[in-house]
Amino acid sequence: NYVITIGKTATDAVKNTSYTGLFTFVEDPVKDGLIDNSGKPLGNLSGISMTPDYSEQFKLLKSIFPASTKYGVIYDPANSLSTVQKIYKVSEQLGFSLSESVISNSNDILPELQKLQPKVDFLFALPDATVFNKTTLQNIFMFSLKNKLPIIGFSSGMSRGGAFLSLYPDYEDMAAQAAE
């Protein structure tokens, strides 16, 4: 029995079973207990992570915005703490400084954006469902527009919705890797 899972929910459903297989489109396989820090599988599943190369992303941002080194992140620690720790480490090495806002409720986003706005050059968006969801996106993009606070998004949809630009993995290539 061999299984291929797509996403965290499907992967969670089979990770503690006897099935052998491949996981795909899991954002943080270390956090989810699928692999160790060296990339070695911790169970019967191996796979392909959705975690982008934040080092490459911040190098690109530095080349696009050489004078913009202060950025903000709003996140829910239950969803994104390990990601924020990764980007902080990488971005600090490249001369960026992070201002972070921690929330646990979507209603706190606009007050946190107001606090962050005077301290940062841009907002670095993470795929955190507490922060970026159907009910919050329009308000976040309107705030960004009114306050001239560029958002660096994580999907093409975010750019279509109002993000200044988006940096994200090549999902077609990831699917091709899984198929191979």
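Structure shown above.
Residues numbered from 1 in each chain as written. Predicted model: local features only at pLDDT ≥ 70, side-chain atom pairs only at ≥ 80, totals over all residues. Heavy atoms only, no water.

Asker: What should I look at first to understand the packing of aromatic side chains in this one?
Answerer: Centre-to-centre distance and the angle between the planes together describe a pair of aromatic rings. In total, this model carries eleven aromatic pairs according to the counting rule given. On the numbers, 5.1 Å between centres and 70° between planes, the contact of Phe-58 with Phe-96 is edge-to-face. Taken together, the residues span a long stretch of sequence, with Phe-58 in helix H2 (residues 54–64) and Phe-96 in the loop between helix H3 (77–93) and strand E5 (97–102) at a distance of 38 residues. Taken individually, Phe-58 and Phe-96 each receive the classification buried, so the pair is uniform in this respect. One aromatic cluster is present, built from ring pairs that chain together Tyr-54, Phe-58, Phe-65, Tyr-71, Phe-96, Phe-122, Phe-124 and Phe-164. Positioned over the ring face of Phe-96 is Lys-62, at 5.2 Å from the centre of the ring. (Phe/Tyr/Trp six-rings, centres within 6.5 Å; stacked < 30°, edge-to-face > 60°. Helix = DSSP H or I, 4+ residues; strand = E, 2+ residues; numbered from the N terminus. Buried < 20%, exposed > 50% of the residue type's maximum accessible area, 1.4 Å probe, protein only. Lys NZ or Arg CZ within 6 Å of the ring centre and 35° of its normal.)

Asker: Would you take a moment to explain the packing of helix H4 (residues 109–116) against helix H5 (residues 137–147) for this structure?
Answerer: Any two packed helices are characterised by how steeply their axes cross, that is the angle between the axes, and by the distance between the axes. In contact at an axis separation of 10 Å, H4 and H5 are set at 20° when each is read in the N-to-C sense. It follows that H4 is roughly parallel to H5 by the angle criterion. Between H4 and H5 lies a crossing whose hand is right-handed. Two secondary-structure elements touch here, H4 through Ile-109, Leu-110, Leu-113 and Gln-114 and H5 through Asn-139, Ile-140 and Phe-143. Per-class residue counts for the contact of H4 with H5 are five nonpolar, two polar and no charged. (Axes fitted to C-alpha atoms, helices over the stretch in contact; angles between N-to-C directions. Parallel < 35°, antiparallel > 145°, perpendicular 65-115°, else oblique. Left-handed = near helix turned anticlockwise from the far one by under 90°. Contact = heavy atoms within 4.5 Å. Nonpolar A, V, L, I, M, F, W, Y, C, P; charged D, E, K, R; others polar.)

Asker: Please explain the environment of Val-73 as it appears in this structure.
Answerer: With respect to the helices and strands, the residue Val-73 is situated in strand E4 (residues 70–75). For Val-73 and Met-174, which are 101 residues apart along the polypeptide, the C-alpha to C-alpha distance reads 26 Å. In contact with Val-73, other than residues within four places in its own chain, are Val-84, Ile-87, Leu-98, Ser-99, Glu-100, Ser-101, Leu-116, Leu-123, Phe-124 and Leu-126.

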